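A closer look at the structure
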Amino acid sequence: AAILTALSADLAYRNADTRYYAASCQTLDGHPDRAAPLLEQASEIDLLPLAQVEQDNDLAAVRAMETWPELRSRLAERERSRLAGMDRDLRNELARRVALDQDTRGKLIAAGDPPPQSLIEEMTRIDQDNTAWAKSILEKHGWPGYDLVGKDGSGSFFLLIQHADADPAFQKHSLDLMKAAVERR
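Presented here is a report on the structure given in the accompanying data block.

Reading the values: the criteria
- Residues numbered from 1 in each chain as written.
- Predicted model: local features only at pLDDT ≥ 70, side-chain atom pairs only at ≥ 80, totals over all residues.
- Heavy atoms only, no water.
- Helix = DSSP H or I, 4+ residues; strand = E, 2+ residues; numbered from the N terminus.
- Buried < 20%, exposed > 50% of the residue type's maximum accessible area, 1.4 Å probe, protein only.
- Contact = heavy atoms within 4.5 Å.
- Areas by Shrake-Rupley, 256 points an atom, 1.4 Å probe, with all protein chains shown as cover.
- Lys, Arg positive; Asp, Glu negative; His and termini not counted.
- Charge placed at Lys NZ, Arg CZ, Asp CG, Glu CD.
- Expected span 1.5 Å × (residues − 1).
- Axes fitted to C-alpha atoms, helices over the stretch in contact; angles between N-to-C directions.
- Parallel < 35°, antiparallel > 145°, perpendicular 65-115°, else oblique.
- Left-handed = near helix turned anticlockwise from the far one by under 90°.
- Nonpolar A, V, L, I, M, F, W, Y, C, P; charged D, E, K, R; others polar.
- Salt bridge = Lys/Arg side-chain N within 4 Å of Asp/Glu carboxyl O.

Attention now goes to the overall build of the protein chain. Looking only at helices and strands, the protein chain has 10 helices and 0 strands in total. Each helix and strand of the protein chain, ordered N terminal to C terminal, gives the series α-α-α-α-α-α-α-α-α-α. In the protein chain, which comprises 185 residues, the proportion classed as buried is 40%. Look at the contacts in the protein chain between residues 6 or more apart in sequence, and 59% of them connect residues 24 or more apart. Here the protein chain displays about 10,600 Å² of accessible surface, and carbon together with sulfur accounts for 52% of that area. Averaging the positions of the 23 positive and the 31 negative side-chain charges in the protein chain gives two centres separated by 4 Å.

Between its first and last C-alpha, helix α8 (residues 117-141) extends 36 Å over 25 residues, near the 36 Å set by a 1.5 Å rise per residue. Leu-119, Met-123, Ile-126, Asp-127, Asn-130, Thr-131, Trp-133, Ala-134, Ile-137 and Leu-138 are the residues of α8 that are buried. Looking at the buried positions of α8, the neighbouring elements they touch are α7 (88-110), α9 (146-162) and α10 (168-184). Positive backbone phi, at 75 degrees, marks Gly-142, one or two positions downstream of α8.

The subject of this paragraph is the packing of helix α2 (residues 16-28) against helix α3 (residues 32-45). One way to put it is that α2 packs onto α3 with a least axis distance of 8 Å and a crossing angle of 165 degrees. Relative to α3, the element α2 is oriented roughly antiparallel. Here the hand of the crossing between α2 and α3 comes out left-handed. Contacts between α2 and α3 involve Ala-16, Arg-19, Tyr-20, Ala-22, Ala-23, Gln-26 and Thr-27 on the former and, on the latter, Pro-32, Arg-34, Ala-35, Leu-38, Leu-39, Gln-41, Ala-42 and Ile-45. Grouping the constituent residues of the contact of α2 with α3 by class yields 10 nonpolar, 3 polar and 2 charged.

Attention now goes to the pattern of salt bridges. A complete count under the given rule lists 15 salt bridges for this structure. Lys-151 is paired through a salt bridge with Asp-17; the nearest N and O atoms lie 3.9 Å apart. A residue pair is termed long-range when its members are at least 10 positions apart, and Lys-151 in helix α9 and Asp-17 in helix α2 qualify at 134 residues. Classification of Lys-151 as partly exposed rests on a relative accessible area of 35%. For Asp-17, a relative accessible area of 39% corresponds to the partly exposed category. Of the charged contacts, one joins Asp-152 and Arg-91 as a salt bridge, the two residues approaching to 2.8 Å between their closest N and O atoms. Residue Asp-152 is located in helix α9, and its partner Arg-91 is located in helix α7; the two are separated by 61 residues in the primary sequence. Judged by relative accessible area, Arg-91 falls into the buried class, the value being 15%. Several salt bridges converge on common partners, so that one network encompasses Glu-40, Glu-44, Arg-74 and Arg-78.

Here we take up the side chain of Ser-156. Relative to the assigned elements, Ser-156 resides in helix α9. Among all residues touching Ser-156, those that are not within four sequence positions of it are Leu-94 and Val-98.

Our next topic: the environment of Trp-133. As for its position among the elements, Trp-133 is in helix α8. Residues Trp-133 and Arg-97 lie 36 residues apart in sequence; the distance between their C-alpha atoms is 9.9 Å. The residues touching Trp-133, leaving out its near neighbours within four places in the chain, are Leu-90, Glu-93, Leu-94, Arg-97, Phe-157 and Leu-160.

Written out as C-alpha cells, the structure reads:
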C-alpha cells in the first residue's frame, strides 16, 4: 500500500489508475481513511465510474465510513461532469459488447483444451458481429476518442479491434485511425 501511494504522488505515475489501485491497497491494509483522498484524486484526474467504486469489494471499508455519502456525492458529480458531451449510448454499447466478449472468452479458457466447438462458434459469431459493428462506428465517428466515449470506452473499442483477427486489413486501418487520433490529441 505504501509503495503504490508513494508512486501515486510521483508525477510520472500521476494517473487515475495508480491512485485507484493505491486506494484499494490502503483499504485492504486497514486504512480506508487514507483511501478516500486517493479516490478523490483519481476522480479529479480522469473519469472514475462510481459503479466501479460501489462494486469493488476491496473498497467496502471506504463505503462503510461515515464520510462515504459525501464522498459518493462528489464522485458522482465529477462523473456527471466528465460524461457531459460524451455519447453515453455508445459508451454503454461498448461496455455491453466487451462484457459479452470477455465472458465468452473466459468460458473458452475454463472449458479446457480443446474447448467445445459450440463455444468456438459462439466466439467467432461474437467477433464477426463486433467487427461489423466497429466498422460502422469508424465510418460514422472515426476513431472513438476520449472526448466521445472516455478513456475506458476508447480502450474497449481497441479491445474489439484486437479481436477482429478475421479481418487484418480492418485491424490495420483501425490502427492508422487510432494513431491519427492520438497525434491530434
